[in-house]
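Here's the letter readout for the chains.
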Amino acid sequence: MPYALPIIAIAATAASTGIAMYSANEQSKSQAAIAEYNRIQNEQNAVWQRMAAERAAQSDQFNSQLSMSNAQSQADQANMNNVLVQQQSQQLRAQADGVDSQSRQQADRIRSEKARILGLQRSQYAAGGVTPEGSPLAVLADTANLYEMQVADTKLLANLDSNKKRYEAGMNELVGDFNLSSDLFASAMNKKAAQSSFNDAQFAEKAAGAGYRINMRQAAIEQMSGNATARATAMGGYSALASGVGKMADTGMTYSMYKAKS
């Protein structure tokens, strides 16, 4: 019976060592599998994050380019509007020149009519034997004055009309220049803002690529860490095996020594 105890001890040690090694091996495999699973999940997340960030950045770039195009269209429209304003002002000045020309022509016609009427009156007086002194002279002077007043009124009305058109032309250009400056300034600011947004979107797209690479490296690092833990667990199993073998050897030696003394 005393000889059976060492054998039982050796068997128990072998069983516990085997169980410990098997448990460590299974745990090591589980840890390695978890590390692989985490790596796959992390890489997939990195891919989706990169795709989402790049798409958002590309969308922002497109919108920024559209804004820059709109800003340029705004500037083009402002220049076109200013051209129309200049043309309108030129037309108003041309109309003013036309009014002045018509006024001069009308004045010439009035003076021609005055000369004709005065000549007719003189000839009538001469035919009647009336001398131009006295009342006939006063009549001729009144007639001449009436026509000159008509000429003056015609010129006055024409000057008022032409000056009004020239004033409108000047104000039209003044407002047009102000609107042009305002629109061009707004266009330039919008274009700068759009360019800044475009640059930010380009940076975001590049950052998405950099973030993807960082996440992929982090996934690899985490997998290596998990694999290191798995290897450590496996080494723990081997250590348990070595310890168990050592205990069994000690038990065997003790049994042999005891047997030899017996």
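Not measured: the values here are computed from a predicted model.

> Describe the overall build of the protein chain, listing the residues and the values that go with them.
Tallying secondary structure elements over the protein chain gives two helices and zero strands in all. Expressed as a percentage of its 262 residues, the buried residues of the protein chain come to 23%. Intrachain contacts of the protein chain at a sequence separation of at least 6 include 94% that bridge at least 24 residues.

> How would you explain a nonpolar patch on the surface if you had to name every residue and give the values?
Taken together, the side chains of Tyr167, Met171, Leu174 and Val175 define a hydrophobic patch exposed on the protein surface, amounting to about 410 Å² of accessible area. On the secondary structure map, Met171 appears in helix α2 (residues 135-261). A relative accessible area of 34% means that Met171 is categorised as partly exposed.

> Residues and numbers for the side chain of Ser187, please.
By the secondary structure assignment, Ser187 is in helix α2. On the accessibility criterion, Ser187 (5% relative accessible area) is buried. There is a polar contact of 2.5 Å between the side chain of Ser187 and the backbone oxygen of Ala71. Not counting residues up to four positions away in its chain, the partners in contact with Ser187 are Ala71, Gln72, Gln74 and Ala75.

> Explain the pattern of salt bridges to me, and be specific about the residues and the numbers.
Scanning the model with the defined rule gives eight salt bridges in all. The partner of Arg50 in a salt bridge is Glu54, with the nearest N and O atoms 2.9 Å apart. With Arg50 and Glu54 both in helix α1 (residues 4-127), this residue pair falls four residues apart, about one helical turn. Arg166 is paired through a salt bridge with Asp100; the nearest N and O atoms lie 2.8 Å apart. Of this pair, Arg166 sits in helix α2 while Asp100 sits in helix α1; the two residues are 66 residues apart in sequence, bridging distant segments of the chain.

> Describe the nonpolar core, naming the residues involved and giving the relevant values.
The biggest cluster of nonpolar side chains holds five residues, and these are Ala107, Ile110, Ile117, Tyr147 and Val151. Elements represented by at least two residues in this core include exactly α1 and α2. By residue number, the principal contributor to this core is α1, which donates three residues.

> Mind laying out the side chain of Glu173, listing which residues take part and the relevant values?
Considering the arrangement of structural elements, one finds Glu173 in helix α2. Exposure remark for Glu173: the relative accessible area of 18% places this residue in the buried category. A distance of 2.8 Å separates a polar atom in the side chain of Glu173 from a polar atom in the side chain of Arg93. Look past the residues within four positions of Glu173 in its chain and what remains in contact with it is Val85, Gln86, Ser89 and Arg93.

> Run through the environment of Asp108, naming residues and quoting values.
In this fold, Asp108 is placed in helix α1. In this structure the C-alpha to C-alpha distance between Asp108 and Val151, which are 43 residues apart in sequence, comes to 8.4 Å.

Quick notes on the rules
Residues numbered from 1 in each chain as written. Predicted model: local features only at pLDDT ≥ 70, side-chain atom pairs only at ≥ 80, totals over all residues. Heavy atoms only, no water. Helix = DSSP H or I, 4+ residues; strand = E, 2+ residues; numbered from the N terminus. Buried < 20%, exposed > 50% of the residue type's maximum accessible area, 1.4 Å probe, protein only. Contact = heavy atoms within 4.5 Å. Patch = residues over 30% accessible without salt bridge, like charges linked within 9 Å, V, L, I, M, F, W, Y side chains within 5 Å. Areas by Shrake-Rupley, 256 points an atom, 1.4 Å probe, with all protein chains shown as cover. Salt bridge = Lys/Arg side-chain N within 4 Å of Asp/Glu carboxyl O. Polar contact = N/O pair within 3.5 Å; in protein donor to acceptor, adjacent residues only side chain to side chain. Core = buried A, V, L, I, M, F, W, Y, C linked by side-chain atoms within 4.5 Å.

Keep in mind that these numbers describe shape and distance, not what the molecule does.
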